[in-house]
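Tertiary structure, described
Each chain, letter by letter, is given below.
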Amino acid sequence: QVQLVESGGGLVQAGGSLRLSCASSGRTFSNYAMGWFRQAPGKEREFVAAITRGSNTYYSDSVKGRFTISRDNAKNTVYLQLNSLKPEDTAVYYCAGYVLSIYVRGSSVGFWGQGTQVTVSS
């Protein structure tokens, strides 16, 4: 059974930074692309970033240049470094385990974490 467990969320002032972590278990982590999504109150869940098996990275336009996704296959963990945070980044952030090793827009997510809250105050 695949499990994804996020950590690292919290309350931060605008301009600040956070690092989210997602620990994976139950499958060979290094074989699959991983990603992060977020959902703000009253809005749909949206793509934030993805990293492939080969560590190619992809970002939404709204976070490009501010957020960085990375992975540590030895620790079965994917990270999301959030810098220069804005109030509009406030959301629940979800870790996503893709079903493929690569990423293309609309790739199927096979597994989701429970989410971690990020709140950015102005």
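Notes on the structure follow.

Rules used throughout
Residues numbered from 1 in each chain as written. Predicted model: local features only at pLDDT ≥ 70, side-chain atom pairs only at ≥ 80, totals over all residues. Heavy atoms only, no water. Helix = DSSP H or I, 4+ residues; strand = E, 2+ residues; numbered from the N terminus. Buried < 20%, exposed > 50% of the residue type's maximum accessible area, 1.4 Å probe, protein only. Contact = heavy atoms within 4.5 Å. Areas by Shrake-Rupley, 256 points an atom, 1.4 Å probe, with all protein chains shown as cover. Lys, Arg positive; Asp, Glu negative; His and termini not counted. Charge placed at Lys NZ, Arg CZ, Asp CG, Glu CD. Core = buried A, V, L, I, M, F, W, Y, C linked by side-chain atoms within 4.5 Å. Pairing = 2+ DSSP bridges. Axes fitted to C-alpha atoms, helices over the stretch in contact; angles between N-to-C directions. 1 Å grid on protein atoms, 1.4 Å probe; cavity = no way out; pocket = protein on both sides within 12 Å on 5 of 7 lines; lining within 4 Å. Points joined across faces, edges and corners; volume = space filled by probe spheres on them. Nonpolar A, V, L, I, M, F, W, Y, C, P; charged D, E, K, R; others polar.

1. Focus on the overall build of the protein
Counting its regular elements, the protein contains zero helices and 11 strands. For the protein, the α and β elements follow one another from N to C terminus as β-β-β-β-β-β-β-β-β-β-β. Viewed in the frame of its principal axes, the protein has a C-alpha envelope of about 40 × 25 × 25 Å. Of all 122 residues assigned to the protein, the portion counted as buried reaches 41%. For the protein, restricting intrachain contacts to residue pairs at least 6 apart in sequence, the fraction spanning at least 24 positions comes to 58%. Counting only carbon and sulfur atoms, one obtains 46% of the accessible surface of the protein, whose full area is about 6300 Å². In the protein, 12 side chains carry a positive charge and 7 a negative one; their mean positions are 6 Å apart.

2. Focus: the nonpolar core
One finds Trp 36, Val 78, Leu 80 and Tyr 93 to be the most contacted residues of the largest nonpolar core, which totals 23 residues. Looking at this core, the elements with two or more residues in it are strand S3 (18-25), strand S4 (34-39), strand S5 (46-51), strand S7 (67-72), strand S8 (77-82), strand S9 (91-98) and strand S11 (116-121). Counting residues in each nonpolar core, the second largest holds six residues, with Ala 33, Phe 37, Ala 96 and Tyr 103 among its members.

3. With respect to the environment of Ile 102
Position of Ile 102 relative to the elements: it lies in the loop between S9 and strand S10 (109-112). In this structure, the C-alpha to C-alpha distance between Ile 102 and Ala 50, residues 52 residues apart in sequence, is 9.4 Å. In this structure, Ile 102 is in contact with Ala 33, Thr 52 and Ser 107, ignoring residues within four places of it in sequence.

4. Some details on the sheet that holds S8
In space, the four strands of this open sheet follow the order S1-S3-S8-S7, with antiparallel pairing throughout. Two strands close off the open sheet at either side, each with one partner strand: strand S1 (3-7) and S7. Between one strand and the next, the sheet's axes are offset by a mean angle of 15 degrees, whatever the strand orientation. Examined bridge by bridge, S1 and S3 share five bridges and lie antiparallel to one another. Along S3, the bridge assignment pairs Ser 7 with Ser 21.

5. Things to note about unusual backbone geometry
In the Ramachandran plot, Ser 55 falls in the positive-phi region, its phi being about 70 degrees despite a non-glycine side chain. Mapped onto the fold, Ser 55 is located in the loop between S5 and strand S6 (57-59). Of note, the phi angle at Asn 76 is positive, near 50 degrees, even though the residue is not glycine. Here Asn 76 lies in the loop between S7 and S8. Note on Asn 76: relative accessible area 30%, which makes it partly exposed.

6. Section: the layout of surface pockets
In this structure, the largest pocket occupies an estimated 190 Å³ of space. Taken together, Phe 37, Phe 47, Tyr 58, Tyr 59, Ser 60, Asp 61, Lys 64, Tyr 98, Tyr 103, Arg 105, Gly 106 and Ser 107 form the lining of the largest pocket. A class-by-class count of the residues in the lining of the largest pocket yields six nonpolar, three polar and three charged.

7. Brief notes about the side chain of Thr 52
Relative to the elements of secondary structure, Thr 52 occurs in the loop between S5 and S6. Sequence-distant contacts of Thr 52, defined by excluding residues within four places in its chain, comprise Ala 33, Tyr 58, Arg 71, Ser 101, Ile 102 and Tyr 103.

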